[in-house]
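Working through the structure, step by step
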Amino acid sequence: MTSWNHTVVNYFQFLPFSSIPGIQSSLFCLVLLMYLSALVGNVLIIVITMVDAALHSPMYFLLKNLSFLEIGYTTSTIPKMLVNFLTKRKGISFLGCATQMYAFSLLGITECCLLAAMAYDRYVAICHPLRYTTMMSWNMCFLLSAVSWLTGVLLALGQTTFIFTLPYCGPNRINHFFCDLLPLLKLACVDTFKNEIAIYIIAVLFIMVPFLLIVTSYGQILHTIFKMPSAGGKRKTFSTCSSHLVVVTLFYGSGIVTYLRPKAFYSSSSNKLLSLSYTLVSPLMNPLIYSLRNKEVKQALKRLIAKNI
């Protein structure tokens, strides 16, 4: 493979998000509003889980990690997108592109693993409530978080190195709003079949395997819930994991369609919309989902507001 020093391209240019004249300023305002709302919502979740003693539990420690991931996830792509809305030269340096891809991949892979850890937490809480404190101890909680982050760090490093040691000799126009894997591979000057296979293997292992673990956990959860005699008990128990289930559906739905669909069905325009879904819409919705559907979070938010009035 060619080293970075031998590449001809040292700058990548993003194509406009839309070809409709005059829509860039409207898109800028909309994306900026959504981005700021996502930041405020996730920061609020972090603050609540840190200051409220009632939320000092493994479940909310993992939720705090998720909110931190969402902040980094959106910040790795959206600010550059906003700048490109307002400038004529809509691009990024070669090193900047590599850095953006690394950050995006790291946070995305880590989130896949963390969502599986959160599903395990709900499985233990519902299926083994008497053993929760031993099976989901703080040591186990920290271990699950550390493994999630370490997996993201190592895999993103390997994946980014694999992509950016390819020779790029032109063209340099990326039909996307950030440095994503598939649009960049299309610009390489060599056959990228091996790289595409590697991407699909990583996607299957670290998107589908955590997803299957989540499905298995919820299969056991539903089995336990259905055995409960009381309808009220079933609703109350399911409500403790419904927020996480909605978040998983939002994140994995768009991610699986984007990275695991056949190449014949790949479309740059649809890929942009799907990417916007998991880079902005999902981080925006997560705080709303957890605050609107979780009584403990709503009560903690009320206590926080009451203290500052």
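Conventions adopted
- Residues numbered from 1 in each chain as written.
- Predicted model: local features only at pLDDT ≥ 70, side-chain atom pairs only at ≥ 80, totals over all residues.
- Heavy atoms only, no water.
- UniProt positions renumbered as here; feature names shortened; annotations may be inferred.
- Helix = DSSP H or I, 4+ residues; strand = E, 2+ residues; numbered from the N terminus.
- Expected span 1.5 Å × (residues − 1).
- Contact = heavy atoms within 4.5 Å.
- Patch = residues over 30% accessible without salt bridge, like charges linked within 9 Å, V, L, I, M, F, W, Y side chains within 5 Å.
- Areas by Shrake-Rupley, 256 points an atom, 1.4 Å probe, with all protein chains shown as cover.
- Salt bridge = Lys/Arg side-chain N within 4 Å of Asp/Glu carboxyl O.
- Lys, Arg positive; Asp, Glu negative; His and termini not counted.
- Charge placed at Lys NZ, Arg CZ, Asp CG, Glu CD.
- Core = buried A, V, L, I, M, F, W, Y, C linked by side-chain atoms within 4.5 Å.
- Buried < 20%, exposed > 50% of the residue type's maximum accessible area, 1.4 Å probe, protein only.
- Disulfide = S-S within 2.5 Å.
- Pairing = 2+ DSSP bridges.
- Axes fitted to C-alpha atoms, helices over the stretch in contact; angles between N-to-C directions.
- Parallel < 35°, antiparallel > 145°, perpendicular 65-115°, else oblique.
- Left-handed = near helix turned anticlockwise from the far one by under 90°.
- Nonpolar A, V, L, I, M, F, W, Y, C, P; charged D, E, K, R; others polar.
- Bend = angle between axes of the 7 residues up to and from the residue.

You'll find the protein chain entered in an unreviewed UniProt entry as Olfactory receptor, with Dromas ardeola given as the organism. Listed under Sequence similarities (unreviewed entry) in UniProt, the entry text for the protein chain is "Belongs to the G-protein coupled receptor 1 family." Note on the protein chain: under the UniProt heading Subcellular location (unreviewed entry), the record states "Cell membrane".

Time to look at helix H6 (residues 138–164). For H6, which comprises 27 residues, the first-to-last C-alpha distance of 39 Å matches the rise-based estimate of 39 Å (1.5 Å per residue) to within 8%. For H6, the secondary structure elements touched by its buried residues are strand E1 (11–14), helix H2 (58–75), helix H4 (94–127), helix H7 (181–185) and helix H8 (193–226).

This next bit is on a positive patch on the surface. A cluster of basic residues, Lys236, Lys295, Lys298 and Lys302, forms a positive patch at the surface. Among the elements that line the positive patch, the one with the most residues is helix H11 (residues 295–307), at 3 residues. Here lysine 295 is to be found in helix H11.

Together, Phe193, Ile197, Ile201, Leu205, Val209 and Leu213 make up a nonpolar patch on the protein surface, roughly 530 Å² of accessible area in all. Within the secondary structure, valine 209 sits in helix H8.

Glancing now at the UniProt feature "transmembrane region" (unreviewed entry) in the protein chain. UniProt marks residues 101–120, 141–164, 197–221, 242–261 and 273–292 with the feature "transmembrane region" (unreviewed entry), using the numbering shown here. Annotation note: span residues 101–120, helix share 100%, strand share 0%, distance between end C-alpha atoms 29 Å. End-to-end, the C-alpha atoms of residues 141–164 are 35 Å apart, and along that stretch the chain is 100% helix and 0% strand.

In this section: the nonpolar core. Counting residues in each nonpolar core, the largest one holds 65 residues, and the members touching the most others are Leu66, Met81, Phe85, Leu115, Ile214, Ile221 and Tyr252. Among the elements that make up this core, the one with the highest residue count is H4 (13 residues). Excluding residues within four positions of it along the chain, tyrosine 252 makes contact with Cys112, Leu115, Ile207, Pro210, Phe211 and Ile214. Within the second largest apolar cluster, 20 residues are counted, among which are Val9, Phe12, Met101 and Ala188.

Here we come to the state of the cysteines. When the sulfur atoms of two cysteines share a covalent bond, that bond is a disulfide. Enumeration according to the criterion identifies 2 disulfides in this entry. The disulfide partner of cysteine 97 is cysteine 179, and the S-S distance across this bridge is 2.0 Å. Between cysteine 97 and cysteine 179, the S-S torsion sits near -125 degrees, and that sign places the bridge as left-handed. One end of the pair, cysteine 97, is in helix H4; the other, cysteine 179, is in the loop between strand E3 (173–174) and H7, and 82 residues separate them in sequence. Across the pair, cysteine 179 and cysteine 97 agree in class, each one buried. Here cysteine 169 is linked by a disulfide to cysteine 189, with a sulfur-sulfur distance of 1.8 Å. Measuring handedness by torsion sign, the sulfur bridge of cysteine 169 and cysteine 189 sits at about -140 degrees and is left-handed. A residue pair is termed long-range when its members are at least 10 positions apart, and cysteine 169 in the loop between H6 and E3 and cysteine 189 in the loop between H7 and H8 qualify at 20 residues. Residue cysteine 189 is classed as partly exposed on the basis of its relative accessible area, which comes to 32%. With cysteine numbering restricted to those in disulfides and following the sequence, the protein chain has the pairing 1-3, 2-4. Here cysteine 127 is not disulfide-linked; the sulfur of cysteine 241 is the nearest cysteine sulfur, at 9.2 Å. In this structure cysteine 141 is not part of a disulfide, and its nearest cysteine sulfur, from cysteine 113, lies 15 Å away.

Looking now at the environment of methionine 136. The residue methionine 136 is located in the loop between helix H5 (132–135) and H6 in this model. Sequence separation between methionine 136 and valine 190 is 54 residues; the distance between their C-alpha atoms is 48 Å.

Right, let's get into the pairing of E1. Pairing analysis gives 3 bridges linking E1 to strand E2 (residues 91–93), with the strands arranged antiparallel. Along E2, the bridge assignment pairs glutamine 13 with glycine 91.

This next bit is on the packing of H6 against H8. Following both chains from N to C, one finds H6 and H8 inclined at 165 degrees, their axes separated by 11 Å at the closest point. As the angle between them shows, H6 and H8 are arranged roughly antiparallel. Where H6 crosses over H8, the handedness of that crossing is left-handed. Facing H6, whose interface residues are Thr151, Leu155, Gln159, Phe162 and Ile163, H8 presents Lys194, Asn195, Ala198, Ile199, Ile202 and Phe206. In terms of residue class, the contact of H6 with H8 is made up of 7 nonpolar, 3 polar and 1 charged.

By secondary structure assignment, the location of leucine 182 is in helix H7. Leucine 182 sits 65 residues away from alanine 117 along the chain, and the two C-alpha atoms are 28 Å apart.

Moving on to H8. Counted at 1.5 Å a residue, the expected span for H8 with its 34 residues is 50 Å, and the 47 Å between its end C-alpha atoms agrees. Maximum bend of H8: about 30 degrees, positioned at methionine 208, with proline proline 210 one to four residues after it.

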